[in-house]
Amino acid sequence: LQPNSGAQGEYAGLLAIRAYHASRNETHRDICLIPESAHGTNPASAQMCGMKVVVTKCDANGNVDVEDIRRAAEKHSANLAALMITYPSTHGVFEEDVVEICDIVHQHGGQVYTDGANMNALVGVAKPGKWGSDVSHLNLHKTFCIPHGGGGPGVGPVACKAHLAPFLPGHFALAGGSSAQRIGAVSAAPYGSASILPISWMYITMMG
């Protein structure tokens with residue numbers, strides 16, 4: 001819950017991916033594949049984490065080009081760190097091949113980051129972990145009713161699979177928050193803009 005915005009959530013999630021690769025003695029994995037339909041924050045976050053961005057193509061209908069993903073993953077297989085994908089995409093496309101896309105990236109040693117900007121289209125319907133996503137942030141202002149923070153004070157919590165959990169942001173005020181594996185704090189407060197979270201809790205509770 002620490003990141004103060006969706007973009008800060010991206011940063012935290014990608015740092016966790018980098019730390020995960022480092023724990024496996026694969027610090028050379030620094031290539032991040034990003035489809036050309038992605039949010040502008042995606043390549044910015046990847047570069048802030050020290051990753052090299054490789055842009056992949058979309059087809060005439062706006063879908064991620066699976067064959068171009070495959071080509072890029074094969075080309076950069078030895079150094080592939082991650083794919084960042086927005087699902088559904090900002091222009092409303094549910095990538096029909098999202099499971100295959102995630103499988104391709106995993107086959108080449110990469111992790112899948114899902115930009116959770118449009119999670120409101122999925123709540124109660126689909127689970128990112130089921131289609132192959134490893135880590136994601138949630139835009140609480142888009143999906144869970146908080147005011148738009150304009151980069152803060154907002155909330156951009158990060159969710160991940162168990163293998164990435166040890167690498168999520170720590171904080172000196174949290175028990176175990178300063179372990180060697182954790183990436184360190186990305187916000188001054190251990191739970192970010194915590195006073196805003198009751199709004200999301202009430203929304204979820206009232207919606208059942």
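Residues numbered from 1 in each chain as written. Predicted model: local features only at pLDDT ≥ 70, side-chain atom pairs only at ≥ 80, totals over all residues. Heavy atoms only, no water.

### Brief notes about the overall build of the protein
Alright, step 1. A count of helices and strands for the protein gives 7 helices and 6 strands.
Alright, step 2. Walking the protein from its N terminus toward its C terminus, one meets helices and strands in the order α-β-α-β-α-β-α-β-α-β-α-β-α.
Alright, step 3. Relative to the 2.2 N^0.38 estimate, which gives 17 Å for 208 residues, the radius of gyration of the protein is 16 Å and therefore close to what a compact globule would have.
Alright, step 4. If you line up the protein on its principal axes, its C-alpha atoms span 45 × 40 × 25 Å.
Alright, step 5. Put simply, of all contacts in the protein between residues at least 6 apart along the chain, 62% involve residues at least 24 apart.
Alright, step 6. Approximately 9,600 Å² of the protein is accessible, and the part contributed by carbon and sulfur atoms is 56%.
Alright, step 7. Separation of charge centres in the protein, based on 13 positive and 16 negative side chains, amounts to 8 Å. (Helix = DSSP H or I, 4+ residues; strand = E, 2+ residues; numbered from the N terminus. Rg over C-alpha atoms; globule rule 2.2 N^0.38 Å. Contact = heavy atoms within 4.5 Å. Areas by Shrake-Rupley, 256 points an atom, 1.4 Å probe, with all protein chains shown as cover. Lys, Arg positive; Asp, Glu negative; His and termini not counted. Charge placed at Lys NZ, Arg CZ, Asp CG, Glu CD.)

### Re the nonpolar core
Alright, step 1. Judged by nonpolar contacts, the single largest core of 22 residues is most densely connected at Leu14, Ile17, Cys32 and Met51.
Alright, step 2. Going through the elements one at a time, helix H1 (6-23), strand E1 (31-35) and strand E3 (80-86) are the ones with two or more residues in this core.
Alright, step 3. Leaving out residues up to four positions away in the same chain, Cys32 has contacts with Ala46, Met51, Lys52, Val53, Val54, Ala82 and Met84.
Alright, step 4. Counting 21 residues, the second-largest nonpolar core is a separate cluster that includes Ala72, Leu80, Ile104 and Val105. (Core = buried A, V, L, I, M, F, W, Y, C linked by side-chain atoms within 4.5 Å. Buried < 20%, exposed > 50% of the residue type's maximum accessible area, 1.4 Å probe, protein only.)

### Quick word on helix H3 (residues 66-75)
Alright, step 1. If you check which residues of H3 are buried, you get Val66, Asp68, Ile69, Ala72 and Ala73. Down the axis of H3, the smallest arc covering the buried residues is 160 degrees, so these residues share one side.
Alright, step 2. Among the structural elements, E1, strand E2 (52-56), E3 and helix H4 (98-107) are those in contact with the buried residues of H3. (Arc of directions from axis to C-beta.)

### As for the environment of Gly170
Alright, step 1. Here Gly170 lies in the loop between strand E6 (158-160) and helix H7 (197-207).
Alright, step 2. Between the alpha carbons of Gly170 and Ala185 there is a distance of 5.1 Å; along the sequence they are 15 residues apart.

### Looking at the pairing of E1
In summary, the side chains of a regular strand alternate between the two faces of the sheet.
Alright, step 1. The element E1 is extensively covered by neighbouring structure, given that 5 of its 5 residues are classed as buried.
Alright, step 2. Neither face of E1 is left uncovered, since the one carrying Ile31, Leu33 and Pro35 and the one carrying Cys32 and Ile34 both have all their residues buried.
Alright, step 3. Pairing of E1 with E2, which is carried by 5 bridges, proceeds in the parallel orientation. Opposite Leu33, over in E2, you have Val54 as the bridge partner.
Alright, step 4. Remark: the E1/helix H2 (residues 41-48)/E2 crossover connection has right-handed handedness.
Alright, step 5. By the bridge criterion, 3 bridges tie E1 to E3 in an arrangement that is parallel. Note that in E3 the partner of Cys32 across the bridge is Ala82. (Pairing = 2+ DSSP bridges. Right-handed = clockwise from strand over helix to strand, strands pointing away.)

### What about the pattern of salt bridges?
Alright, step 1. Inspection of every chain in the model, using the stated rule, returns 6 salt bridges.
Alright, step 2. Its salt-bridge partner being Glu67, residue Arg70 comes within 3.2 Å of it at the nearest N-O pair. Taken together, the positions of Arg70 and Glu67, both in helix H3 and 3 residues apart, correspond to about one turn of that helix.
Alright, step 3. Overall, Arg70 belongs to the partly exposed group, its relative accessible area being 22%. (Salt bridge = Lys/Arg side-chain N within 4 Å of Asp/Glu carboxyl O.)

### Some thoughts on the environment of Gly6
Alright, step 1. As for its position among the elements, Gly6 is in helix H1.
Alright, step 2. Assessed through its relative accessible area of 7%, Gly6 is described here as buried.
Alright, step 3. Considered as a pair, Gly6 and Leu140 are 134 residues apart in the sequence and their alpha carbons are 8.2 Å apart.
Alright, step 4. Discounting residues that sit within four places of it in the chain, Gly6 has contacts with His137, Asn139 and Gly156.

### Concerning the packing of H1 against H2
Alright, step 1. In contact at an axis separation of 9 Å, H1 and H2 are set at 45 degrees when each is read in the N-to-C sense. Comparing the axis directions of H1 and H2 gives the class oblique. Regarding H1 and H2, the two cross each other, and that crossing is right-handed. Where H1 abuts H2, its residues Ala7, Glu10, Tyr11 and Leu14 lie against Thr41, Asn42, Ser45, Ala46 and Met48. (Axes fitted to C-alpha atoms, helices over the stretch in contact; angles between N-to-C directions. Parallel < 35°, antiparallel > 145°, perpendicular 65-115°, else oblique. Left-handed = near helix turned anticlockwise from the far one by under 90°.)

Without other data, these values stay purely geometric and don't point to any function.
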